[in-house]
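Topology and contacts: notes
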Amino acid sequence: MAVDLGGTNFRVCSVTLLGNSNFKIAQEKTQIPRDLMVGTSKKLFSFMAQQIKNFVETHHSDHFTESSEHRLQLGFTFSFPVDQKAVNKGYLIRWTKGFDIKDAVGQDVCELLQNEIDALEIPVRVAALVNDTVGTLMARSYESPGKHGALIGAIFGTGTNGAYVENLDKLTKMTAPGNTFGEYDKSTGEMVVNTEWGNFDKGMNVLPDTEFDRQLDRDSVNPGIQMFEKRVSGMFLGEILRLTVLKLKNEAGMFSTSNVKENAPLFEQWGVDTSVLSDIEGDKSEDLSQVRQVAEEKLGVSEITLDEARALKILVHAIGKRSARLSAVPIAAIILATGKLSPAETTTKPTHQRRQSLIEKATTAFQSLILGNPPAADTAPAGPATDDEPIDVGVDGSVVEFYPGFEEYLREALREVNEVGNLGEKRVRIGIAKDGSGVGAALIALVATKAALMAGMKKGDL
Ligand code: ADP
Ligand code: MG
């Protein structure tokens with residue numbers, strides 16, 4: 001089983017693996033009520049437990065009978081920064097994406113969930129704590145054909161973040177004197193690293209910045225952090241559009257001949273959803289009838305002129321394309337820093353240097369893209385390839401899934417990053433990991449449970 005607290009939705013699912021990259025999934029989805037995002041941890045986690053109970057009653061009622069041998073093993077996708085101490089233990093570092101529940105910070109989120117599950121007497125055990133990026137990486141590796149698993153799992157949903165596969169010998173943090181990581185499995189020689197790239201460049205050295213970005217940040221629950229995410233992901237793009245349009249209305253006479261409702265979403269912080277941008281971007285009609293309709297229904301402004309509809313479309317395009325192009329940066333940085341295009345480059349630098357080099361790579365990638373360094377020529381040498389296999393990137397999230405042209409703009413930007421160039425970009429295979437965080441979390445719960453049994457845990461304790 002898996003649950004996924006993504007930021008906007010809460011999903012519960014169970015997965016049956018069928019082999020050969022196939023699976024069967026049953027799932028239920030509910031929107032997270034806004035007041036639960038800023039209330040108490042008790043409220044949020046008991047809400048989740050209740051949804052789990054409904055799901056198990058509907059889909060696995062057999063597990064409520066006494067004869068059932070063990071509890072359902074659950075992968076808990078919790079996509080916020082945690083200090084993870086064990087496969088099913090992790091302490092919340094900080095909230096992101098508009099959540100702000102003070103009493104949960106510093107607590108083990110698996111224990112919070114297990115307590116509420118136990119209180120409702122549901123036969124479910126929280127077996128693994130999973131970041132959605134890692135779940136996406138797992139799901140994509142299971143689903144996509146090829147010799148290797150995926151290199152990157154990336155999310156462009158409410159927030160943005162990515163995880164990738166790193167060589168264990170590069171992670172000197174694990175063997176540094178005085179570390180407290182305890183035992184971990186070294187058999188594959190690899191480890192998945194959750195980058196938390198949403199917080200990239202919080203010092204604002206290279207990120208593009210406008211007055212609207214600054215205003216959004218000032219009025220957010222976490223000013224000064226997640227600055228990359230605030231320019232890329234679904235939680236924020238609608239708000240950037242809203243602030244931009246509001247200024248044009250107030251200072252440039254936009255909508256002066258239209259009907260603007262008094263309590264229009266245009267006047268309400270977070271009132272404009274990012275799906276509005278997708279709808280506007282997707283209008284290819286001559287008279288922009290869909291833009292007008294969206295303006296009426298989603299912004300609260302009716303009878304806009306054709307020029308105003310065109311202006312909306314230009315703004316949306318700028319915001320959406322900027323997001324997609326920025327999204328190419330961490331992907332390019334990881335491809336370069338892991339040496340997937342030029343193996344000679346990644347020898348045995350210790351982690352602290354490598355991490356710096358990942359950030360340096362991202363910074364360089366930004367400079368190619370934004371500060372106008374000459375783009376790589378079509379024939380830019382991509383370095384010797386390890387093999388001809390594609391470099392697989394699994395993605396998930398409504399923005400990458402539904403924003404028209406998102407992947408194309410992202411790819412266009414990848415081509416413009418010096419060193420990746422055209423040749424490297426062609427090897428990058430990007431694929432939606434459908435239901436990725438759910439399937440991935442369930443896969444991880446399965447592996448974690450097998451590992452626990454092998455380590456001597458009794459079946460009855462599961
Ligand atoms: P979660 O982040 O909870 O896993 P999603 O991946 O569905 O959920 O992402 C939700 C985010 O995507 C919200 O911020 C929402 O505004 C945005 N979104 C929803 N539908 C669309 C769409 N059609 N186009 C672009 N963004 C969308
Ligand atoms: Mg998600």
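Read on for a plain summary of the structure. (Residues numbered from 1 in each chain as written. Chains lettered and ligands numbered in written order. Predicted model: local features only at pLDDT ≥ 70, side-chain atom pairs only at ≥ 80, totals over all residues. Heavy atoms only, no water.)

**Thoughts on the pairing of strand β13 (residues 391-396)**
Counting buried residues in β13 gives 6 out of 6 residues, a clear majority hidden from the surface. Of the two faces of β13, the one lined by Ile391, Val393 and Val395 and the one lined by Asp392, Gly394 and Asp396 are each fully buried. Bridging between strand β8 (residues 152-156) and β13 involves 4 bridges; their strand directions are parallel. Counted as the bridge partner of Ile152 is Val393 from β13. Taken together, the 5 bridges between β13 and strand β14 (residues 428-432) define a ladder with parallel strand orientation. Along β14, the bridge assignment pairs Val393 with Ile430. (Buried < 20%, exposed > 50% of the residue type's maximum accessible area, 1.4 Å probe, protein only. Helix = DSSP H or I, 4+ residues; strand = E, 2+ residues; numbered from the N terminus. Pairing = 2+ DSSP bridges.)

**Observations concerning the sheet that holds strand β3 (residues 22-31)**
The mixed open sheet is built from 5 strands, whose spatial order is β3-β2-β1-β4-β7. Each having just a single partner strand, β3 and β7 (124-130) make up the two edges of the open sheet. Each strand axis lies, on average, 25° off the axis of its neighbour in the sheet, ignoring direction. Pairing of strand β4 (residues 72-78) with β7, which is carried by 6 bridges, proceeds in the parallel orientation. By the bridge assignment for β7, Leu72 is matched with Val124. Packing of helix α3 (residues 109-119) onto the sheet brings it into contact with β1 (2-5), β4 and β7, and relative to β7 it is tilted by some 160°. (Axes fitted to C-alpha atoms, helices over the stretch in contact; angles between N-to-C directions. Contact = heavy atoms within 4.5 Å.)

**Regarding the sheet that holds β14**
Taken in spatial order, the 5 strands of this open sheet run β10-β9-β8-β13-β14, and their pairing is mixed. Every interior strand has two partners, whereas the edge strands, β10 (190-194) and β14, have only one. In this sheet, neighbouring strand axes are inclined to one another by 20° on average, regardless of whether the strands run parallel or antiparallel. Inspection of the sheet shows β8 paired to strand β9 (residues 160-167) by 5 bridges, in the antiparallel sense. Across the sheet, Gly153 pairs through a bridge with Ala163, a residue of β9. Against the sheet, helix α13 (residues 406-416) makes contact with β8 and β14, and its axis sits at roughly 160° relative to β14, the strand it touches most.

**Some remarks on the site of ligand 1**
Taken together, 17 residues lie near ligand 1, and Thr8, Thr158, Gly234, Ser278 and Ser398 sit nearest. Thr8 places a main-chain nitrogen or oxygen 3.0 Å from an oxygen atom of ligand 1. Within the contact set of ligand 1, a nitrogen atom lies 2.5 Å away from a side-chain nitrogen or oxygen of Ser278. Computed on the free molecule, ligand 1 has an accessible area of 570 Å², of which 85% lies beneath the protein chains in the complex. Of all the secondary-structure elements, those providing two or more residues to the shell around ligand 1 are β2 (9-19), α7 (234-252), α8 (275-281) and α12 (398-402). It is α12 that provides the largest number of residues to the shell around ligand 1, a total of 3 residues. Classifying every residue of the shell around ligand 1 by side-chain character gives 3 nonpolar, 12 polar and 2 charged. (Near = heavy atom within 4 Å. Polar contact = N/O pair within 3.5 Å; in protein donor to acceptor, adjacent residues only side chain to side chain. Areas by Shrake-Rupley, 256 points an atom, 1.4 Å probe, with all protein chains shown as cover. Nonpolar A, V, L, I, M, F, W, Y, C, P; charged D, E, K, R; others polar.)

**Brief notes about helix α4 (residues 132-143)**
Along an α-helix, residues three or four apart share an orientation, since each turn contains 3.6 residues. If you check α4, its first and last C-alpha atoms are 16 Å apart, about what 12 residues at 1.5 Å a residue would give, namely 16 Å. Counting buried residues in α4 gives 10 out of 12 residues, a clear majority hidden from the surface. Of all the positions in α4, only Asp132, Thr133, Val134, Gly135, Thr136, Leu137, Ala139, Arg140, Tyr142 and Glu143 are classed as buried. (Expected span 1.5 Å × (residues − 1).)

**Some details on the pattern of salt bridges**
Applying the stated criterion to the full structure yields 23 salt bridges. The closest approach of N and O atoms between Glu116 and Lys42, which form a salt bridge, is 3.1 Å. Of this pair, Glu116 sits in helix α3 while Lys42 sits in helix α2 (residues 41-59), and the two are 74 residues apart along the sequence. Exposure remark for Lys42: the relative accessible area of 52% places this residue in the exposed category. Members of the salt-bridge network, linked through shared partners, are Lys321, Arg325, Glu412 and Glu416. (Salt bridge = Lys/Arg side-chain N within 4 Å of Asp/Glu carboxyl O.)

**A look at the nonpolar core**
Nonpolar side chains tend to gather and get buried jointly when the protein is soluble and globular. One finds Ile152, Phe156 and Ile331 to be the most contacted residues of the largest nonpolar core, which totals 73 residues. Looking at this core element by element, the count peaks at 16 residues for helix α10 (residues 306-337). Apart from residues no more than four positions distant in its own chain, Phe156 is found in contact with Trp197, Val232, Ser327, Ile331, Val395, Asp396, Gly397, Ser398, Val399, Val400 and Phe406. Counting residues in hydrophobic clusters, the runner-up holds 35 residues, among them Val3, Phe47, Ile52 and Leu74. (Core = buried A, V, L, I, M, F, W, Y, C linked by side-chain atoms within 4.5 Å.)

**Quick look at the packing of aromatic side chains**
Inspection of every chain in the model, using the stated rule, returns 12 aromatic pairs. Connected via pairs of aromatic rings, a cluster forms that spans Phe76, Phe78, Phe80, Trp95 and Phe99. We note Lys97 situated over the ring of Phe80; from NZ or CZ to the ring centre the distance is 4.5 Å. (Phe/Tyr/Trp six-rings, centres within 6.5 Å; stacked < 30°, edge-to-face > 60°. Lys NZ or Arg CZ within 6 Å of the ring centre and 35° of its normal.)

**Some remarks on the packing of α4 against helix α15 (residues 436-454)**
Two numbers describe how α4 lies on α15: the axes approach to 7 Å, and their chain directions differ by 85°. Taken together, the axis directions place α4 and α15 in an arrangement best described as roughly perpendicular. Side by side, α4 and α15 meet where Asp132, Val134, Gly135, Thr136, Met138, Ala139, Tyr142 and Glu143 of the first sit next to Gly436, Ser437, Val439, Gly440, Ala441, Leu443 and Ile444 of the second. In the contact of α4 with α15, the residues fall into 8 nonpolar, 5 polar and 2 charged. (Parallel < 35°, antiparallel > 145°, perpendicular 65-115°, else oblique.)

Worth remembering: the numbers are spatial, not functional.
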